[in-house]
Amino acid sequence: MNKNPIGVFDSGIGGLTVVKEIRKILPDEDIVYLGDTARLPYGTKSVDAIMQFSIENAEFLISRGAKFIVIACYSSTSVALDVVQKKCSVPIIGVIKPGVEQALAITKTGRIGVIGTSLTIYSGAYEKAFKEFNTRCEILGRACPLFVPLVEEGWLDHQATELIAQAYLQPLKEDNIDTLLLGCTHFPLLMPVIKKIMGDIHYVDASVEVGRELAQQLKENKLENPRGLGNLSIYLTDLSMNFKEIGERFLAEPMRNFSRISLKGA
Ligand code: DGL
């Protein structure tokens, strides 16, 4: 089992930011990545649909031999982590808890902002995760759905992006948060514009923490592969016009080994 790959899935290619961090921390591990590009976006869809898609994604990764699964999608983690864990036989982690732990470790005032897709914010998943740590922190959520297409379009420092970011983030600024959690795969790419508006506060991009959590869990479960080749296989349910250009922006290295696959509903 140790030689088997780690499975990672996301609604699209944004989850490659998580893969990038996993590859830094665990360079010997092989990774099988599934991006459900045919059914993206998840962040505007219903809970039922995302539960079903997430189960199908996990089953695909298990069919490719995944020994451990990371749900790199925040929308999917928000509403489907429990159900996928119950359905599948391998250990599974999501992206919410590692970010929450990091935010709790660095906040001084206990006023924490969370930005994500509409599904993530309205699911209440972050409030629930913070509650599990018995914290008295004030959690202020804000859905920023337009950030996703802006990143897909490559408008990372466009004037329009700055205007939209200003409209989304101003209420959080007025709420005097001291820590902002980036609860979406796409948002780390907008860090410069977000920082310009929010200024000198703490920022949490959970991808680094997810890599650390995965490394620790592989150790605990005795699933490490210290002598692997570090291969990365990328499967996408659709190959859109500019997927490679965008994917490489997230991955920060050339996308070499990719192919299109069909899932039941995709
Ligand atoms: N991957 C999604 C997330 O992290 C963003 C894109 C989508 O809406 O599918 O929430």
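This report concerns the structure included in the present document. Since the structure is predicted, the reported quantities are computational estimates derived from the model, not experimental observations.

## Observations regarding the overall build of the protein chain
Counting secondary structure elements, the protein chain contains 11 helices and 10 strands. Taking 18 Å as the expected radius of gyration for a compact globule of 266 residues, we find that the protein chain reaches 17 Å, a close match to that expectation. Structurally, the protein chain occupies a C-alpha span of about 50 × 40 × 35 Å along its principal axes. Within the protein chain, the fraction of its 266 residues that count as buried is 56%. At a minimum sequence separation of 6, the contacts of the protein chain that also span at least 24 residues come to 77%. Roughly 11,900 Å² of accessible area belongs to the protein chain as shown, and the carbon and sulfur atoms make up 50% of that amount.

## Observations regarding the site of the ligand
Within the structure, the ligand sits among 14 residues, and Asp10, Ser11, Tyr42, Gly43 and Ser75 are positioned closest to it. The separation between an oxygen atom of the ligand and a polar main-chain atom of Gly43 is 2.9 Å. One nitrogen or oxygen atom from the side chain of Thr185 is found 2.9 Å from a nitrogen atom belonging to the ligand. Split into classes, the residues belonging to the shell around the ligand amount to 7 nonpolar, 6 polar and 1 charged.

## Some remarks on the packing of helix α4 (residues 96–106) against helix α6 (residues 125–132)
In a packed pair of helices, the relevant descriptors are the angle between the two axes and the axis-to-axis distance. Interhelical geometry of α4 versus α6 gives an angle of 60 degrees and a closest axis separation of 10 Å. When the axis of α4 is compared with that of α6, the two are oblique. Where α4 crosses over α6, the handedness of that crossing is right-handed. Where α4 approaches α6, its residues Ile96, Val100, Ala103 and Leu104 are matched on the opposing element by Ala125, Tyr126, Ala129 and Phe130.

## Remarks on helix α9 (residues 191–198)
Residues three or four positions apart in an α-helix share a direction because the helix packs 3.6 residues into each turn. Of all the positions in α9, only Met191, Val193, Ile194, Ile197 and Met198 are classed as buried. In an axial view of α9, the angular spread of the buried residues amounts to 165 degrees, which keeps them on one side of the axis. Residues of α9 that are exposed and point over 90 degrees away from its buried face: Pro192 and Lys196. Close packing links the buried residues of α9 with β5 (111–116), α7 (147–152), α8 (159–174), β7 (179–183) and β8 (202–205). Phi turns positive one or two residues past the end of α9, at Gly199, with a value near 75 degrees.

## What about the packing of helix α2 (residues 47–63) against helix α3 (residues 74–87)?
Closest axis-to-axis distance for the α2/α3 pair is 8 Å, and the angle between their directions is 55 degrees. Put simply, α2 runs oblique to α3. Where α2 crosses over α3, the handedness of that crossing is right-handed. Contacts between α2 and α3 involve Val47, Ile50, Met51, Ser54, Ile55 and Ala58 on the former and, on the latter, Ser75, Ser76, Val79, Ala80, Val83, Val84 and Lys87.

## Looking at the pairing of β5
Of all the 6 residues making up β5, 5 are buried; the element is thus mostly covered by neighbouring parts of the structure. Bridging between β5 and strand β6 (residues 138–143) involves 6 bridges; their strand directions are parallel. For Ile115, the partnering residue across the bridge sits in β6 and is Arg142. Relative to β7, β5 runs parallel, the two being bridged by 5 bridges. From the neighbouring strand, Ile115 faces β7, where its bridge partner is Leu182.

## Describing the side chain of His186
Note on placement: His186 falls in the loop between β7 and α9. With a relative accessible area of 2%, His186 lands in the buried category. Contact partners of His186, with chain neighbours within four places excluded, come to Gly14, Val148, Val151, Glu152 and Phe250.

## Remarks on the packing of aromatic side chains
All chains considered together, the criterion is met by 5 aromatic pairs. With a centroid separation of 5.4 Å and 75 degrees between ring planes, the pair formed by Phe60 and Tyr235 is classed as edge-to-face. With Phe60 in helix α2 and Tyr235 in strand β9 (residues 232–236), this residue pair connects regions lying 175 residues apart in the sequence. Judged on exposure class, the residue Phe60 and its partner Tyr235 are both buried. Centroid distance Phe147 to Phe187: 5.1 Å. Interplanar angle 80 degrees. Geometry classified as edge-to-face. Here Phe187 lies in the loop between β7 and α9 and Phe147 lies in helix α7, a separation of 40 residues in the sequence. The same class applies to Phe147 as to Phe187, namely buried. Connected via pairs of aromatic rings, a cluster forms that spans Phe147, Tyr168 and Phe187. Positioned over the ring face of Phe53 is Arg39, at 4.0 Å from the centre of the ring. Lying across the ring of Tyr235, Arg64 places its NZ or CZ 4.9 Å from the centre.

Criteria and thresholds
- Residues numbered from 1 in each chain as written.
- Predicted model: local features only at pLDDT ≥ 70, side-chain atom pairs only at ≥ 80, totals over all residues.
- Heavy atoms only, no water.
- Helix = DSSP H or I, 4+ residues; strand = E, 2+ residues; numbered from the N terminus.
- Rg over C-alpha atoms; globule rule 2.2 N^0.38 Å.
- Buried < 20%, exposed > 50% of the residue type's maximum accessible area, 1.4 Å probe, protein only.
- Contact = heavy atoms within 4.5 Å.
- Areas by Shrake-Rupley, 256 points an atom, 1.4 Å probe, with all protein chains shown as cover.
- Near = heavy atom within 4 Å.
- Polar contact = N/O pair within 3.5 Å; in protein donor to acceptor, adjacent residues only side chain to side chain.
- Nonpolar A, V, L, I, M, F, W, Y, C, P; charged D, E, K, R; others polar.
- Axes fitted to C-alpha atoms, helices over the stretch in contact; angles between N-to-C directions.
- Parallel < 35°, antiparallel > 145°, perpendicular 65-115°, else oblique.
- Left-handed = near helix turned anticlockwise from the far one by under 90°.
- Arc of directions from axis to C-beta.
- Pairing = 2+ DSSP bridges.
- Phe/Tyr/Trp six-rings, centres within 6.5 Å; stacked < 30°, edge-to-face > 60°.
- Lys NZ or Arg CZ within 6 Å of the ring centre and 35° of its normal.

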